[in-house]
Amino acid sequence: MDVLYFAWVRERIGLPKERVETSAATVIALVEELRAREDRYGAAFADLSALRVAVDQELVDFDAPLAGAREVAFFPPMTGG
Amino acid sequence: MRIVVQEAGFDAGRELTRFSARSGAGDPGIGAIVSFTGVVRDTAKGTLEVMQIEHYPGMTEAALTKIAQEAMTRWVLGDVLVIHRFGQLAPGDQIMMVATSSAHRKDAFEAAEYLMDYLKSRAPFWKKEILRDGAQWVGARDEDEDALGRWD
């Protein structure tokens, strides 16, 4: 699936988008996989209360299932307007 | 309903004129038009050089459409306009605009406030302030999240 990062999450991880092969069943399982990769992921995902996640462009909770998902995006709380 | 996400600037006066003409022509029962224009504000005491606005193409348009559709089910509205910019903006630049039309002012005002409250916290935009001596991401404010509570 495609994993996208925005704002300071993108800056900490160092890229806006990547292809991730995963069998993670939920968003939180995917986060654990990413955290185990490299320090920069650990830094980006250190405090999940400071993050939001969207699966296929819909806001969801971190325990949301990933079955059939094409795109997962991680970002800080939004600051539009 | 018209949802616009663009990098270019817009002319709020012309947009309002067009919105008003279209609302009135489409429905003679329209008696109220409310508009709000947001402007890039320098909260850093004159040191803000650029406001960078990042967004999530695709989700942004979908989220704004959903928010506008929800407003149209909650209030009796003739039409809704949402314009939001992204990219590099300067202090004083117009950043976004909403407009609503309705038979009565209460619906038009409330719907415009609802649109503003939701697009601040539920549309995927992020602001970064480029200051004379550094840069910082604008943090989400608890008050903005709390503001959604009144629409439950």
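For the structure itself, look to the data block above.
Residues numbered from 1 in each chain as written. Chains lettered and ligands numbered in written order. Predicted model: local features only at pLDDT ≥ 70, side-chain atom pairs only at ≥ 80, totals over all residues. Heavy atoms only, no water.

Draft legend 1. Highlighting the interface of chain B and chain A. With 25 residues of chain B at the interface, the matching set in chain A holds 20 residues. Carbon and sulfur atoms supply 57% of the area buried between chain B and chain A, which totals about 1800 Å² over both sides. Area buried by chain B at its contact with chain A is led by Tyr56(B), Met59(B) and Trp126(B), which between them contribute 37% of it. Connecting chain B to chain A are 3 salt bridges. Across the pair Lys128(B) and Glu11(A) runs a salt bridge, and its minimum N-O distance is 2.5 Å. (Contact = heavy atoms within 4.5 Å. Buried area = accessible area lost by both parts, 1.4 Å probe. Salt bridge = Lys/Arg side-chain N within 4 Å of Asp/Glu carboxyl O.)

Draft legend 2. Representation of the sheet that holds strand 4 (residues 77–85) of chain B within the structure. All names here are of chain B. Here we have 4 strands laid out as an open sheet, ordered 1-4-6-2, and mixed in their pairing. Because the sheet does not close on itself, it has two edges, and the strands there are strand 1 (2–6) and strand 2 (32–39). Strand-to-strand twist in this sheet, taken as the mean axis angle between neighbours without regard to direction, amounts to 5°. Sheet topology note: the strand 4/strand 6 (residues 94–102) ladder contains 7 bridges and is antiparallel. Residue pairing across strands places aspartate 79 opposite serine 101, the latter belonging to strand 6. (Pairing = 2+ DSSP bridges. Helix = DSSP H or I, 4+ residues; strand = E, 2+ residues; numbered from the N terminus. Axes fitted to C-alpha atoms, helices over the stretch in contact; angles between N-to-C directions.)

Draft legend 3. Representation of the packing of helix 2 (residues 59–74) of chain B against helix 3 (residues 105–122) of chain B in the model. Residues and elements named next belong to chain B. Running from amino to carboxyl end, helix 2 crosses helix 3 at an angle of 155°, the nearest separation of the two axes being 10 Å. Relative to helix 3, the element helix 2 lies roughly antiparallel. Crossing hand, helix 2 versus helix 3: right-handed. Within the contact between the two elements, helix 2 uses Ala63, Leu64, Ile67, Ala68, Glu70, Ala71 and Arg74 and helix 3 uses Tyr114, Leu115, Tyr118, Leu119 and Arg122. Considered class by class, the residues forming the contact of helix 2 with helix 3 number 9 nonpolar, no polar and 3 charged. (Parallel < 35°, antiparallel > 145°, perpendicular 65-115°, else oblique. Left-handed = near helix turned anticlockwise from the far one by under 90°. Nonpolar A, V, L, I, M, F, W, Y, C, P; charged D, E, K, R; others polar.)

Draft legend 4. Structural view of the pattern of salt bridges. Residue and element names in this part refer to chain A. Per the counting criterion, the structure on display carries 18 salt bridges over all chains. When the shortest N-O distance is used, the salt bridge between glutamate 38 and arginine 40 registers 2.8 Å. Judged by relative accessible area, which is 38%, glutamate 38 ranks as partly exposed. (Buried < 20%, exposed > 50% of the residue type's maximum accessible area, 1.4 Å probe, protein only.)

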